[in-house]
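This is what each chain is made of:
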Amino acid sequence: MTKVFTSILFFMLMSAMASFQPAHAELRIEITKGISAAVPIAVVPFGYTGPGAAPFDVAGVVAADLASSGRFDPMDRKDMLEMPSSGAEVDFQDWRLLKAQVLVIGKVSPINADEYSIQFQVFDVFKREQILGYRMPTTRAAMRASAHYVADMIFEKLTGVKGVFSTQVAYVTVTGKGKDRNFELVVADADGANAKSISNSPDPIMSPSWSPDGRKLAYVSFEGGTSAVYVQILRSGFRQKVSSRRGVNGAPVWHPDGRSLALTLSQGDGNLDIYVLELTSGRLERITSHPAIDTEPEWRKDGRGLYFTSDRSGRAQIYELELQDKKAVRISREGSYNARPRLSPDGKQLSLVTLDRGNYRIGIMDLERGTLRVLSEGKLDESPAFAPNGQTLIYAAREGSQGVLATVSADGQIRGRIASADGDVREPVWSPFPPN
Amino acid sequence: MLEFAREHARPLAYSFLVHLVIVVGLVLNVTRFSQPAAAPMKVVPVVQSSVVDMSEVNRQVKERAIEDQRERDRKVQAEKEKQRQVEQEKVRQVEIKKKREQEQREAKLKADAEKKKEAELQVKQQAQEKAAREKAEADKKAEAERKRKEEQARKAKLEAEKKAEEVRKKKEAEELRRKQLEAKQKAEAEAQMRETMAAEEARNAAERSGLLAQYIALIGQKIERNWIRPPSARPGLECVVQVTQIPGGQVVAVKVVRCNGDDAVIRSVEAAVYQASPLPEPADASLFERRLQLVFKPED
């Protein structure tokens, strides 16, 4: 008996020693950096359960949306080994071999003549599990909007950030020359599709600005040779001239409460200053009275202060002003030229145009730290504006003599182009999220 | 029932015979009794026709009458006597007969009893004989059984002894083997310990020479190259991930131990590790670790 115990003890000791052997406290490795690359994703063409061909390529729109964000790299369809439309048909090993990290499948089913149902599922290829799955009703006409909505849900689930694929952009295009020159104010889906002209004129149209509810646009038009600020309701097309004072009427921007506009007026004496116009009463309040040019106002997130561009220091710089005492403080410190401030949705950053080694480029200024980061790489990039999720900026870049719509991620890592109609594209602005 | 009849055939047969005899005897007696007894004799008085002196005659008649009467009485008496005698005889006969019958019956009964007794005796004898036979047989059997048991016991004992011997031998062999094994294991353990110590030594040497730091850096860099940071992965984030790899660097398990990031961040760190598989191998094999603790802590 004693012998048995002795041997048991011996074995225990030995095995304990054996198990101790590889356990030099596990290695601890710190990961302090990542990359800003696109996640490989496979968006399989959605199956269609009705007769004939599918009425719309939902997966195509979803893949294009995700690709446009720069955060996803959709796999080419011709590289797919199979095209499952239900979870049971998915072979994760294949997708793993194809290096897809995320798999999106789905199907479109007709309900009646014009009504359809879209069903989609998103899988984590490494973990072989469903991340997301939804079914939604739609119509033939709403199919594109539904596809954007699907892309938004996928984007939000995978990045933790709300997608902007269902939002819109407004921009100005200039076509023709001389007498045939035509300015158009265009509203399009965020991917550039469904572009619609809401206003046009042979004279310049400038500075569109979305109302906080996304239903109206304020803009400047030189119809008849003089500038005026208009507010137009998008759905009805009804528009109202809200400011047509002598001299310059320009750069309108909506207060966060949607009840007033900040704008730039010259009021006859030719000195451009910042004013606030209350829309219902028409009451106008002068905010700056500086002999230098003060223009391009932008509201602070709290609505009690303004940012604007002023050359009072000799060259254009960004200033911040408290409405209460109307005292302006220069906040841009880096660079010899900083203009056209636009606030990020979280209110912590300003996008602006900065002179970077002889090139006008898009930059982001951190309001807390005052640091400036250049994001774009063009020669004459202008009019940056944040997407409503704060992740992307849209701006106009020059390509030859033409302006085109370009995007860049807020971290400067991802660049994109938005397809748009012919012509010189200027002053893009991104709509807020549609109200729920 | 049939069983019983078969087993006691002989006594039954005897009994049957006895009963048959009795029954036959009884039937014969009854037949005899049923024969009619002899008819009694008929006495008819005869009248004489001689004339006599009246007185005389009368006297005579008287006398004669008396005589006659006497005679008649006598006759009647005689007749009566005769009748009585006949009766008596009859009774006697009956008595005799009865007696004879009784005797016969008794004889018969006696015979029967004797027969029965004899039969019983025979049966008893037979039973005794049978019992004796059975006893003998049983004795024989018991004897055989006893012998068999004895034999069995003997064999069992033999077997047990053999087995005990085998067990003893086996135990001895096992003991020997165990001792050998123990010795071997001890030797192995010692060798392993020496090896471990040597490995530890090598590892320490490798660590000292900076190979461990290099290994850690290689793994870290490969994961950083594969970590596609979602926008929500901001400074302040800290995700501790436990990774299990096998020699060759293939990642077999990824477990997020704790993480203050959102779903997208968690998915991104998991994907980074899977995507970085196989992980770099150390320059010195002694530095390989199955388990790694990764801390995702973006700085900007």
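Residues numbered from 1 in each chain as written. Chains lettered and ligands numbered in written order. Predicted model: local features only at pLDDT ≥ 70, side-chain atom pairs only at ≥ 80, totals over all residues. Heavy atoms only, no water.

A. Broad picture of the state of the cysteines. All names here are of chain B. Applying the stated criterion to the full structure yields one disulfide over all chains. The disulfide that involves C239 links it to C259, with 1.9 Å between the sulfurs. Note that C239 is positioned in strand β1 (residues 239-246) and C259 in strand β2 (residues 250-259), a separation of 20 residues in sequence. (Disulfide = S-S within 2.5 Å. Helix = DSSP H or I, 4+ residues; strand = E, 2+ residues; numbered from the N terminus.)

B. The arrangement of the packing of helix α2 (residues 58-68) of chain A against helix α4 (residues 143-159) of chain A in detail. Residue and element names in this part refer to chain A. It is the contact of α2 with α4, at a shortest axis distance of 8 Å, that shows an interaxial angle of 45°. Between α2 and α4, the interaxial angle falls into the category oblique. Relative to α4, α2 is oriented so that their crossing is right-handed. Packed against α2, whose contacting residues are V58, V61, V62, D65 and L66, the element α4 presents M143, R144, A147, H148, V150, A151, I154 and F155 at the interface. Among the residues forming the contact of α2 with α4, the class breakdown is ten nonpolar, one polar and two charged. (Axes fitted to C-alpha atoms, helices over the stretch in contact; angles between N-to-C directions. Parallel < 35°, antiparallel > 145°, perpendicular 65-115°, else oblique. Left-handed = near helix turned anticlockwise from the far one by under 90°. Contact = heavy atoms within 4.5 Å. Nonpolar A, V, L, I, M, F, W, Y, C, P; charged D, E, K, R; others polar.)

C. Summary view of the interface of chain B and chain A. Between chain B and chain A, the residue contacts involve 45 residues of the former and 38 residues of the latter. Interface area, chain B with chain A, both sides summed: about 3,900 Å², of which 57% is carbon and sulfur. Linking chain B with chain A are three salt bridges. Here E270 of chain B ties to K127 of chain A by a salt bridge, and the two come within 3.0 Å at their closest N and O atoms. Taken together, the connections running from chain B to chain A amount to 14 residue pairs in polar contact (both at pLDDT 80 or more). Going through the elements one at a time, α3 (55-208), α4 (211-226), α5 (263-276) and β3 (291-296) of chain B are the ones with two or more residues in the side of chain B that touches chain A. It is α3 of chain B that contributes the most residues to the side of chain B that touches chain A, twelve residues altogether. (Buried area = accessible area lost by both parts, 1.4 Å probe. Salt bridge = Lys/Arg side-chain N within 4 Å of Asp/Glu carboxyl O. Polar contact = N/O pair within 3.5 Å; in protein donor to acceptor, adjacent residues only side chain to side chain.)

D. How the structure looks around the packing of aromatic side chains. Here the structure, examined in full by the defined rule, presents nine aromatic pairs over all chains. For the pair F126 of chain A and Y274 of chain B, a centre-to-centre distance of 5.2 Å together with 15° between the ring planes defines the contact as stacked. Residue F126 of chain A is located in the loop between β6 (115-124) and β7 (129-139), and its partner Y274 of chain B is located in helix α5; the two belong to separate chains. Given a relative accessible area of 9%, F126 of chain A falls into the buried group. Since its relative accessible area comes to 16%, Y274 of chain B is described here as buried. Between F308 of chain A and Y319 of chain A the ring centres are 5.9 Å apart and the planes differ by 20°, which places this aromatic pair in the stacked class. Highlighted residues: F308 of chain A in strand β20 (residues 305-310) and Y319 of chain A in strand β21 (residues 317-322), separated in sequence by eleven residues. Each of the two residues, F308 of chain A as well as Y319 of chain A, counts as buried. Taken together, the ring pairs connect F72, F155 and F165 of chain A into an aromatic cluster. Sitting above the plane of the F433 of chain A ring, K162 of chain A keeps its charged end 4.3 Å from the centroid. One cation-aromatic arrangement involves R239 of chain A over Y230 of chain A; the distance from NZ or CZ to the ring centre is 4.0 Å. (Phe/Tyr/Trp six-rings, centres within 6.5 Å; stacked < 30°, edge-to-face > 60°. Buried < 20%, exposed > 50% of the residue type's maximum accessible area, 1.4 Å probe, protein only. Lys NZ or Arg CZ within 6 Å of the ring centre and 35° of its normal.)

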